[in-house]
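# Observations on the model geometry
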Amino acid sequence: MAESWDGNHDPGSPSEESYHLERLHIEPIYDAFICPLTKQVMQDPVTLENGMTFEREAIEKWFKECRDSGRKPVCPLTHRDLNSTELNPSIALRNTIEEWNARNEAAQIDMARRSLSLGSGEGDIMQALKFVQHLCQKSRSNKHVIRNAELIPMIVEMLRSSSRRVRCKALETLLVVVEDDIDNKEIMAEGDNVRTIVKFLSHEQSKEREAAISLLYELSKSKTICEKIGSVNGAILILVGMASSKSENLVTVEKAENTLENLEKCEINVKQMAENGRLRPLLNLLLEGAPETKLSMAAFLGELVLNNDVKVLVARTVGSSLINIMKHGNMSSREAALKSLNQISSYESSAKILIDAGILPPLVKDLFFVGANQLPMRLKEVSATILANIVNSGYDFDSVPVGSEYQTLVSEDIVHNFLHLISNTGPAIECKLLQVLVGLTSSPTTVFNVVSAIKSSAATISLVQFIEAPQKDLRVASIKLLRNLSPHMGQELARCLRGTSGQLGSLIKVISENTGITEEQAAAVGLLADLPERDRGLTRQMLDEGVFPLVISRVVSIRQGETRGSRFVTPYLEGLVKVLSRITFVLTDEPDAVALCREQNVAALFIELLQTNGLDNVQMVSAMALENLSQESKNLTKLPELPKPGFCVSIFPCLSKPPVITGLCKVHRGTCSLRDTFCLLEGQAVDKLGALLDHTNEKVVEASLAAVCTLLDDGVDIEEGVQILCETEGIKPILDVLLEKRTETLRRRAVWAAERLLRTEDIALEVAGDPNVSTALVDAFQHGDYRTRQIAERALKHVDRIPNFSGVFPNTG
């Protein structure tokens, strides 16, 4: 008989293992040591009445089988009946076997020590590791033998072997050695051992990786080692990745998950997990931990950078608890809760969850409350930031009560309080509260309440003054707020900007900064663009301060591609074009405006801007500006001076011939040019405007049609205007607008244009045969406003749909 390293009787084992066995056994295995039933060395030998000796467990099993089968107990060797099944312990034999085992195990341990070195052969090392596993599995008490023999550091050293088999077997052996043995685990935690094991987790899927996670899981059952595992850089991140992996085998995933659960015993590990996306343990401690733990977790949560999905999870899980802490906690707890709420309120969906959880009333109370328990200014700034985040979530705030008397955020007294704080706190809080008002004025359901409150508090001048603030964020917030207010109180804002305080100059300075296009610049130019375009005083001041040449240069720069890559380019360009269009609304009263338009060739620029496809607002405003310029053309065109008739002609008028003057504008009957008289015909703009009449945006179509109609207006040669439209194929697009009836404004303008076109007999004859146009005119005649019905009636007379009765009655006037 022979016993291999793992202690199993294996007569067919390889010769190499037999060789090692012979070297390790200092004494042979005596036949008396072997149980006849198990063929193994006995651990608890007992003797029957006939003197035969067996392993207690084996013979008891034999007797049970005899009873179960209804047979009398017999000796398993002699098969003779036994009078008694009493088992007598063979104490002497057991002691002898134990002594023999001790001597042999000592020899084996000594040999294992010599084999566990990196200089030994792979076979020797593998056999030594198998022996250690067998020894520990044989008896838990043997684990202290391994520890006392200082084999654990030697096994750890095998983790550095170049052989994958050795490394894997070493990990498996260490698992057996430390399992359910706290002392051996403590030895494993010494030095750099834990870090070495963690390194195996980053290997590709392999037996080493699986063995390493099993060992790490066993070690993590010790709280002391949990701290050590967490201190290894990247360990928790790797474990989180393994636990959430879809490609790992299920056992590995489960072991990683169980390891993480053990690591949660240490708060510092919980924080690391939260940093690496595993937030649930932190949230659980925040909900169920001791007060100091809750405070620690809330404070840490406020420092985390969370993605939007996680913000929603946090809001749903602990939002109510954080709000409760904010309402009732001490100052340090309230600070931690506020910082956490600041984090999770910055996403629209999570902000709405907080609103539903009741965050607004305590938040507003903290901002307005003055007294012994009031928040310090640094925390009021956090409260203001949270409120700004929440207001920008798009919630319906005129239905959410925030005060004891069911006031809402847009109630007059609440807005007055905001305005008071804005005027009496530092720049940081002022900026956030301005952002709150920006959010409230961005909604069509709440803007009117805010406008009303601002007017009743006479705060407009105070708000405008922030344009000059040295802090950029504060300036941006104020400009964005004023822009939201401008459609509702534009005249009042214009009056403030026309003052001598310099706010207009500050806006111009912002717009002119050559630092790329910023949000501040886009907001500033948007504010100027939204002010009433017919405010002559503001336009006059903008002329005096040189705004328009600056605007033109920036538009040209963008058009030439010198400025690109900013997400604010489009709103900035739209604002610039609208600001520039202001100058076309004062041409009749401001000679300087006419001079500037001529000098800068503004008409040519607007014609070019008609072709900025994809920028509807730019095209619309450009068409509106061209309408204004074209309206002024008839006032600027120089009519030719006719020569005085000679003497004969004065006596005999029949001899006179009308003088022929060439080079005159057909429509304006004088000398025209695009630069000097803004003539659309000279600028070849008619076909470009006509091309926009089938635009999908009704506003663009309205503006383009209005510009085209200046060629048919009173004061110009309408017949020639019609002829120009025929030549540029502009008649059909105008009639198509009439047929589509997209808006009432478009119908009114199209009916007007159609009436002018139908004054030409050829067009009237052609249209008379088109039932669609006639039907559209009849519809306008029946359903339009008073002015539209009058014009439609005249148009229908041109196509003989309504008889002309003017010649039936004699003129008796």
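Being a predicted model, the structure only gives us computed values, none of them experimental. (Residues numbered from 1 in each chain as written. Predicted model: local features only at pLDDT ≥ 70, side-chain atom pairs only at ≥ 80, totals over all residues. Heavy atoms only, no water.)

### Some remarks on the overall build of the chain
On a plain count of helices and strands, the chain comes out with 44 helices and three strands. In summary, the chain has a C-alpha radius of gyration of 47 Å against a globular reference of 28 Å for 813 residues, an excess of more than 25%. Principal-axis analysis of the C-alpha atoms places the extent of the chain at approximately 170 × 70 × 55 Å. Counting over 813 residues, the chain shows a buried share of 50%. When contacts within the chain are restricted to residue pairs at least 6 apart in sequence, those whose partners lie at least 24 apart make up 66%. In the structure as shown, the chain presents an accessible area of about 38,900 Å², 49% of it carried by carbon and sulfur atoms. Within the chain, the 107 negative side-chain charges are centred at a point lying 2 Å from the centre of the 88 positive side-chain charges. (Helix = DSSP H or I, 4+ residues; strand = E, 2+ residues; numbered from the N terminus. Rg over C-alpha atoms; globule rule 2.2 N^0.38 Å. Buried < 20%, exposed > 50% of the residue type's maximum accessible area, 1.4 Å probe, protein only. Contact = heavy atoms within 4.5 Å. Areas by Shrake-Rupley, 256 points an atom, 1.4 Å probe, with all protein chains shown as cover. Lys, Arg positive; Asp, Glu negative; His and termini not counted. Charge placed at Lys NZ, Arg CZ, Asp CG, Glu CD.)

### Focus on the environment of Gly403
Along the chain, the position of Gly403 falls in the loop between helix H21 (377–391) and helix H22 (412–424). A sequence separation of 109 residues divides Gly403 from Ser512, and the C-alpha atoms of the two residues are 44 Å apart.

### Some details on the packing of aromatic side chains
One pass over the structure, following the stated rule, counts four aromatic pairs. Judged by centre distance (5.5 Å) and plane angle (65 degrees), the ring pair of Phe33 and Trp100 falls under edge-to-face. Of this pair, Phe33 sits in the loop between helix H1 (15–24) and strand E1 (45–47) while Trp100 sits in helix H3 (residues 91–115), and the two are 67 residues apart along the sequence. Residue class for Trp100 comes out buried when judged on its relative accessible area of 0%. (Phe/Tyr/Trp six-rings, centres within 6.5 Å; stacked < 30°, edge-to-face > 60°.)

### Side note on the state of the cysteines
Scanning the entire structure with this criterion turns up zero disulfides. With no disulfide of its own, Cys597 has Cys679 as its nearest cysteine by sulfur position, at a separation of 15 Å. In this structure Cys597 comes out as buried when scored by relative accessible area, which is 1%. With no disulfide of its own, Cys709 has Cys726 as its nearest cysteine by sulfur position, at a separation of 14 Å. (Disulfide = S-S within 2.5 Å.)

### So, the pattern of salt bridges
In the structure shown here, the tally under the stated rule is 41 salt bridges. Between Arg195 and Asp192 there is a salt bridge, with its nearest N and O atoms 3.8 Å apart. Residue Glu740 is joined to Arg742 by a salt bridge in which the shortest nitrogen-to-oxygen separation is 3.4 Å. Looking at Glu740, the relative accessible area reads 44%, which means it is partly exposed. Overall, Arg742 belongs to the partly exposed group, its relative accessible area being 26%. Within the structure, one salt-bridge network assembled from shared partners comprises Arg536, Arg540, Asp544, Glu590 and Asp592. (Salt bridge = Lys/Arg side-chain N within 4 Å of Asp/Glu carboxyl O.)

### What about the nonpolar core?
The biggest cluster of nonpolar side chains holds 190 residues, and the ones touching the most others in it are Ile359, Leu360 and Leu409. Top contributing element to this core by residue count: helix H26 (residues 472–497), with 11 residues. Two domains each donate at least three residues to this core, and these are domain 2 (278–385) and domain 3 (729–812). Excluding residues within four positions of it along the chain, Leu360 makes contact with Ile355, Leu387, Ile390, Phe397, Val400, Val402 and Leu409. Judged by nonpolar contacts, the second largest core, of 56 residues, contains Met154, Met158, Ala212 and Ala256. (Core = buried A, V, L, I, M, F, W, Y, C linked by side-chain atoms within 4.5 Å. Domains from an automatic or database assignment.)

### Quick word on the UniProt feature "domain: U-box" (unreviewed entry) in the chain
Using the residue numbers shown here, the UniProt feature "domain: U-box" (unreviewed entry) corresponds to residues 28–107. Taken end to end, residues 28–107 is 39% helix and 10% strand, and its two terminal C-alpha atoms sit 13 Å from one another. (UniProt positions renumbered as here; feature names shortened; annotations may be inferred.)

### Notes on the sheet that holds strand E2 (residues 53–55)
In space, the three strands of this open sheet follow the order E2-E1-E3, with antiparallel pairing throughout. On the outer flanks of this sheet lie E2 and strand E3 (88–89), each paired with one strand and no other. Pairing of E1 with E2, which is carried by three bridges, proceeds in the antiparallel orientation. Looking across to E2, one finds that Pro45 is bridged to Glu55. Packing of helix H2 (residues 56–69) onto the sheet brings it into contact with E1, E2 and E3, and relative to E2 it is tilted by some 95 degrees. (Pairing = 2+ DSSP bridges. Axes fitted to C-alpha atoms, helices over the stretch in contact; angles between N-to-C directions.)

### Overview of the packing of helix H30 (residues 547–559) against helix H31 (residues 569–581)
Packing of H30 against H31 brings their axes to within 9 Å, and their N-to-C directions diverge by 140 degrees. When the axes of H30 and H31 are compared, the pair comes out oblique. As H30 runs across H31, the sense of the crossing is left-handed. Between H30 and H31, the residues in contact are Val547, Phe548, Val551, Ile552, Arg554, Val555 and Ile558 and Val569, Tyr572, Leu573, Leu576, Val579 and Leu580, respectively. (Parallel < 35°, antiparallel > 145°, perpendicular 65-115°, else oblique. Left-handed = near helix turned anticlockwise from the far one by under 90°.)

### Section: the packing of helix H20 (residues 360–368) against H21
Where H20 meets H21, the closest approach of the two axes is 9 Å, and the angle between their N-to-C directions is 140 degrees. The angle between H20 and H21 falls in the class oblique. You can see that H20 and H21 cross each other, and the crossing is left-handed. For the pair H20 and H21, contact is made by Leu360, Leu363, Asp366 and Leu367 and by Lys380, Ser383, Ala384, Ile386, Leu387 and Ile390, respectively. When the residues that make up the contact of H20 with H21 are grouped by side-chain class, the tally is seven nonpolar, one polar and two charged. (Nonpolar A, V, L, I, M, F, W, Y, C, P; charged D, E, K, R; others polar.)

### Section: the environment of Ala685
Here Ala685 shows up in the loop between helix H36 (674–677) and helix H37 (686–691). Along the primary structure Ala685 and Thr760 are separated by 75 residues, whereas in three dimensions their C-alpha atoms are 23 Å apart. Setting aside residues up to four positions removed in sequence, Ala685 forms contacts with Ile607 and Leu680.

### Points about the domain arrangement of the chain
Considered domain by domain, the chain is made up of domain 1 (31–89), domain 2 (278–385) and domain 3 (729–812). The C-alpha-based centres of domain 1 and domain 3 are spaced at 122 Å.

### Describing helix H28 (residues 519–530)
Spanning 12 residues, H28 covers 16 Å between terminal C-alpha atoms, matching the ideal 16 Å at 1.5 Å per step. Most of H28 is tucked away: 10 of the 12 residues are buried. Those residues of H28 lying buried are Glu520, Gln521, Ala522, Ala523, Ala524, Val525, Gly526, Leu527, Leu528 and Ala529. The inward-facing, buried residues of H28 abut H26, helix H27 (503–512), H30 and H31. (Expected span 1.5 Å × (residues − 1).)

### A few points about helix H39 (residues 718–727)
For H39, the full list of buried residues reads Ile718, Gly721, Val722, Ile724 and Leu725. The buried side chains of H39 occupy one side of the element, clustering within an arc of 155 degrees when seen end-on. Taking the backbone nitrogen of Glu719 as reference, a side-chain oxygen 3.2 Å away marks Asp717 as the first, capping residue of H39. Positive phi shows up at Glu729, right after H39, with a value of about 55 degrees. (Arc of directions from axis to C-beta. Polar contact = N/O pair within 3.5 Å; in protein donor to acceptor, adjacent residues only side chain to side chain.)

### Thoughts on unusual backbone geometry
At Glu150, a position not held by glycine, the phi torsion is positive, near 55 degrees. For Glu150, the location among the structural elements is in the loop between helix H5 (142–148) and helix H6 (151–157). Under the relative-accessibility criterion, Glu150 is labelled exposed at 53%. Residue Glu729 is not a glycine yet carries a positive backbone phi of 55 degrees. Relative to the helices and strands, Glu729 is located in the loop between H39 and helix H40 (731–740).

### Some points on the environment of Ile225
Take Ile225: it is sitting in helix H11 (residues 223–231). Owing to a relative accessible area of 0%, Ile225 belongs among the buried residues under this scheme. Ile225 sits 37 residues away from Met188 along the chain, and the two C-alpha atoms are 8.9 Å apart. Setting aside residues no more than four positions away along its own chain, Ile225 makes contact with Lys185, Glu186, Ala189, Val194 and Leu219.

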